[in-house]
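# Structural description and commentary
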Amino acid sequence: MSDSHTNLQIRVVHRDQLDGNTPQTPGVIREVAFDGRNPGAAHLSAFRGIVQPGAATGAHHHGDQETVLYVISGNARLRWGDKLESVAEAGPGDFVFIPARVIHQEINASPEFETVLAVVRSGVDPIVVNLPELDEYAEPAAVDYTHP
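Along each chain, numbering runs from 1 in the same order as the chain's sequence is written. In keeping with the model being predicted, local features are shown solely for residues with a pLDDT of at least 70 and side-chain atom pairs are shown and tallied solely at 80 or more, while totals for entire chains, interfaces and linings include all residues. Excluded from the side-chain calculation are hydrogens and water; included are all heavy atoms of the structure.

### Quick look at the pattern of salt bridges
Salt bridge, as used here: a side-chain nitrogen of Lys or Arg that lies within 4 Å of a carboxyl oxygen of Asp or Glu. Across all of its chains, the model carries six salt bridges by this definition. Between arginine 48 and glutamate 31 there is a salt bridge; the shortest N-O distance is 2.5 Å. Of this pair, arginine 48 sits in strand β2 (residues 45-51) while glutamate 31 sits in strand β1 (residues 29-34), placing them 17 residues apart in sequence. Each residue is placed in one exposure class: buried if its accessible area under a 1.4 Å probe, protein chains only, is under 20% of its type's maximum, exposed if it is over 50%, and partly exposed if it falls in between. A relative accessible area of 24% means that arginine 48 is categorised as partly exposed. Among the salt bridges present, the one from aspartate 35 reaches arginine 37, with a minimum N-O distance of 2.9 Å. Only runs of H or I of at least four residues qualify as helices and only runs of E of at least two qualify as strands under DSSP, and these elements are numbered from the N terminus.

### Quick notes on the packing of aromatic side chains
The geometry of an aromatic ring pair is captured by the separation of the ring centres together with the interplanar angle, meaning the angle of the planes. Working definition: rings of Phe, Tyr and Trp (its six-membered ring) pair if their centres are within 6.5 Å, and the pair is stacked with planes under 30 degrees apart, edge-to-face with planes over 60 apart, and tilted otherwise. Under the counting rule described, the total for this entry stands at one aromatic pair. Each ring, one from tyrosine 70 and one from phenylalanine 95, has its centre 4.8 Å from the other, and the planes form 55°; the classification is tilted. With a gap of 25 residues between them, tyrosine 70 in strand β4 (residues 67-73) and phenylalanine 95 in strand β7 (residues 95-98) connect regions that are remote in the sequence. Given a relative accessible area of 31%, tyrosine 70 falls into the partly exposed group. Overall, the relative accessible area of 61% leaves phenylalanine 95 in the exposed class.

### A look at unusual backbone geometry
The residue leucine 84 is not glycine, and still its phi comes out positive at about 55°. Its place among the elements puts leucine 84 in the loop between β5 (76-80) and β6 (86-90). Under the relative-accessibility criterion, leucine 84 is labelled buried at 0%. You will see that arginine 101, though not glycine, has its phi angle at about 65°, which is positive. Its location among the elements puts arginine 101 in the loop between β7 and β8 (104-107).

Here it is in structure tokens:
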């Protein structure tokens, strides 16, 4: 084994250790497990995203970072495109790939259950570019949540 790996460690972040101190988008709560603040993180970041019942995020993108979502529970409706004109649905066990710079929105159409996502991005910096100027194209939330 090379000397470059001698100081690297496997790390576990337990669910009660997730950190909400990261850029947010209205409609989703991001709780970071790993990003550039963590020792050893060089290429990826990971977090949990929670879309409350009836909530919808604002339009946003993540700069040059690619994003992979894994739906843990609930159902995610995703809209994307310059005017959010495309739509797809994903449920528990489904993976979603979002290319870099693609404008998108996550929606939870369920009025009863939250949608929980495991999210991995191809960078360690928490890049979130919110685009409120696209609100007129975004699917409105059924319930308005104020972010904590």
